[in-house]
Amino acid sequence: MRTTRMLAAALLTGAALLAPAAPALADTPSPSPSKSSGAPTEAGTTFRTATPVKQGQQATATASSGDYLYWVFPADAGQRPTVDATVTLPSAGRQAATTWRIDVYDGLRRRQPCMYGAQSRAAAPDATSVTLSCTLRPVRAWADGWSNDPLPGSYFVRLTAVGLPASERGLPVKAEMKPTAKDTGGAHAVDGSLSTPLGADGPKAEPEDGWSSGWWTDRWIWTAVGGVLAALAGVAGYALTRGRGRPSYVPQG
């Protein structure tokens, strides 16, 4: 009976510890887009003049086809950033197909590959808009110097038309860009962290609640849970194997 009670207590304790940890493992979306009027309404033309944008904000800009548009947003360790962009094309005056492309660079201006998403798309002459998307790899708190892993810091977005025919240059367009991020949890956590977030010369973006220290992940919860369950399993195993002591019919000595 004692052993049964101990096993039941072990199971209840493990369930109680696992319950708060489970939501941390699932991808959780970043805060909803800001509804304030502070969203940027213009874009920079170079890395040095990139317009800062917060995660969840939808930045807009009016430009001419052939221009380079630049924005910069922050991404912290454990996040998987996604950049969505929409270009509204003029309803008249277009005679040829145009290809639009979105590229994302980290704080050292290294172009980061997209895990998935339509990074480049061609718009037919009669198309009124084109939609682009780029989802990056999860941002790591620390990485070797030779690797190209995404690291905490500023991320630059460049939107432009590539291979633009001469007849299509200078036409008015409207661009919309929104960066978002999902928390990946401890699945992509690593030991160590950067001394400072990456940021090249020019404007820098920072999260509203500051940068994370990089040492805390939900792996600590699973480590603690594993330790508790291992200890309870050891106690239960000892109780099962030690027996009830000396039988009453066996004389002492």
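Going by the structure above, here's the rest.
A few points on the structure. (Residues numbered from 1 in each chain as written. Predicted model: local features only at pLDDT ≥ 70, side-chain atom pairs only at ≥ 80, totals over all residues. Heavy atoms only, no water.)

**So, the overall build of the protein**
Argument step 1. Within the protein, the regular secondary structure consists of two helices and 10 strands.
Argument step 2. What you see in the protein, going N to C, is helices and strands ordered as α-β-β-β-β-β-β-β-β-β-β-α.
Argument step 3. In the protein, which comprises 253 residues, the share counted as buried stands at 38%.
Argument step 4. If you take every contact in the protein between residues at least 6 apart in sequence, the share linking residues at least 24 apart comes to 74%.
Argument step 5. Here the protein has roughly 14100 Å² of accessible surface; of this, 56% comes from carbon and sulfur atoms. (Helix = DSSP H or I, 4+ residues; strand = E, 2+ residues; numbered from the N terminus. Buried < 20%, exposed > 50% of the residue type's maximum accessible area, 1.4 Å probe, protein only. Contact = heavy atoms within 4.5 Å. Areas by Shrake-Rupley, 256 points an atom, 1.4 Å probe, with all protein chains shown as cover.)

**Here's the deal with the pairing of strand 10 (residues 172-183)**
Argument step 1. Two elements, strand 3 (residues 59-64) and strand 10, share six bridges in a ladder whose sense is antiparallel. Paired with Thr62 across the bridge in strand 10 is Lys174.
Argument step 2. With 10 bridges joining them, strand 5 (residues 79-88) and strand 10 adopt antiparallel strand pairing. In the strand pairing of strand 10, Thr86 is matched with Glu176. (Pairing = 2+ DSSP bridges.)

**Thoughts on the state of the cysteines**
Argument step 1. Enumeration over the complete set of coordinates arrives at one disulfide.
Argument step 2. Between the sulfur of Cys114 and that of Cys134 lies a disulfide, 1.9 Å long from S to S. Here the disulfide of Cys114 and Cys134 is left-handed, its torsion about the S-S bond being about -100°. Linking Cys114 in the loop between strand 6 (98-105) and strand 7 (120-123) with Cys134 in strand 8 (residues 129-135), this pair joins segments that are 20 residues apart in sequence.
Argument step 3. Taking the relative accessible area as the measure of exposure, Cys134 reaches 0% and is therefore buried. (Disulfide = S-S within 2.5 Å.)

**Considerations on the sheet that holds strand 4 (residues 69-75)**
Argument step 1. Here we have five strands laid out as an open sheet, ordered 2-4-9-6-7, and mixed in their pairing. Edge strands, defined here as strands with exactly one partner in the open sheet, are strand 2 (51-52) and strand 7.
Argument step 2. Pairing of strand 6 with strand 7, which is carried by four bridges, proceeds in the antiparallel orientation. Residue pairing in the sheet places Trp100 in a bridge with Arg121 of strand 7.

Geometry only, nothing functional implied.
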